[in-house]
Amino acid sequence: IKAPWNELHQFNACSPAMVHIPTHLIAGQQDPYVSWEAQRELFDRLGTDDKVWTILPECDHAAHILQKRRMFIRAVVAFWRRLDPDLRNLH
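Calculation notes
Residues numbered from 1 in each chain as written. Predicted model: local features only at pLDDT ≥ 70, side-chain atom pairs only at ≥ 80, totals over all residues. Heavy atoms only, no water. Helix = DSSP H or I, 4+ residues; strand = E, 2+ residues; numbered from the N terminus. Buried < 20%, exposed > 50% of the residue type's maximum accessible area, 1.4 Å probe, protein only. Contact = heavy atoms within 4.5 Å. Areas by Shrake-Rupley, 256 points an atom, 1.4 Å probe, with all protein chains shown as cover. Pairing = 2+ DSSP bridges. Right-handed = clockwise from strand over helix to strand, strands pointing away. Core = buried A, V, L, I, M, F, W, Y, C linked by side-chain atoms within 4.5 Å. Phe/Tyr/Trp six-rings, centres within 6.5 Å; stacked < 30°, edge-to-face > 60°. Salt bridge = Lys/Arg side-chain N within 4 Å of Asp/Glu carboxyl O. pLDDT = per-residue confidence, 0-100.

(A) Broad picture of the overall build of the chain. In terms of regular secondary structure, the chain is built from two helices and two strands. Out of the 91 residues in the chain, the part that is buried amounts to 22%. Long-range pairs, those at least 24 residues apart, make up 60% of the contacts in the chain between residues at least 6 apart in sequence. Of the accessible surface of the chain, which amounts to about 7,000 Å², a share of 56% is contributed by carbon and sulfur atoms.

(B) Quick peek at the pairing of strand β2 (residues 51-56). Relative to β2, strand β1 (residues 23-28) runs parallel, the two sharing six bridges. Paired with I26 across the two strands is T54, which belongs to β2. In this region the chain leaves β1, passes through helix α1 (residues 36-45) and returns to the parallel neighbour β2; the handedness of that crossover is right-handed.

(C) Geometry of the nonpolar core. Of all hydrophobic cores here, the largest spans five residues; its members are L25, A27, F43, L46 and W53. With sequence-adjacent residues up to four places away left out, W53 is seen in contact with L25, A27, W36, Q39, R40 and F43.

(D) Representation of the packing of aromatic side chains within the structure. Enumeration over the complete set of coordinates arrives at three aromatic pairs. Ring geometry for W36 against W53: centres 6.0 Å apart, planes inclined by 50°, an arrangement best described as tilted. With W36 in helix α1 and W53 in strand β2, this residue pair connects regions lying 17 residues apart in the sequence. For the pair F79 and W80, a centre-to-centre distance of 5.8 Å together with 80° between the ring planes defines the contact as edge-to-face.

(E) Layout of the pattern of salt bridges. Summed over all chains, the structure comprises three salt bridges. Residue R40 pairs with D44 through a salt bridge whose shortest N-O separation is 3.3 Å. Of this pair, R40 and D44 both sit in helix α1, four residues apart, roughly one helical turn. Under the relative-accessibility criterion, R40 is labelled partly exposed at 40%.

(F) How the structure looks around the environment of L46. Checked against the element boundaries, L46 lands in the loop between α1 and β2. For L46, a relative accessible area of 11% gives the class buried. Setting aside its immediate chain neighbours within four residues, L46 contacts P16, A17, V19, T23 and K51.

(G) Highlighting the confidence of the model for the chain. Across the chain, pLDDT averages 82, with 79% of residues at or above 70. The weakest mean pLDDT in the chain belongs to helix α2 (residues 69-83) at 86; the strongest belongs to β2 at 93.

Written as structure tokens, this is what we have:
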């Protein structure tokens, strides 16, 4: 889901219960924009049992582009490797 910053109300139409695919929620431990309660509610309400919530220590909202981007990439790769046996042997 991608909503322009000036159209964030579009997220209100999203229902986590409608998500029925493997889902990886990644959050920075020091995210100033999204509360832990909101993240937990999103994670709990996902319509799939195949879900992972990764919390990146010492990271904020933009961990994927800042100093901890390698940690972010490792988390994403680990998620996909568990889904696809062909990716498990890649280095």
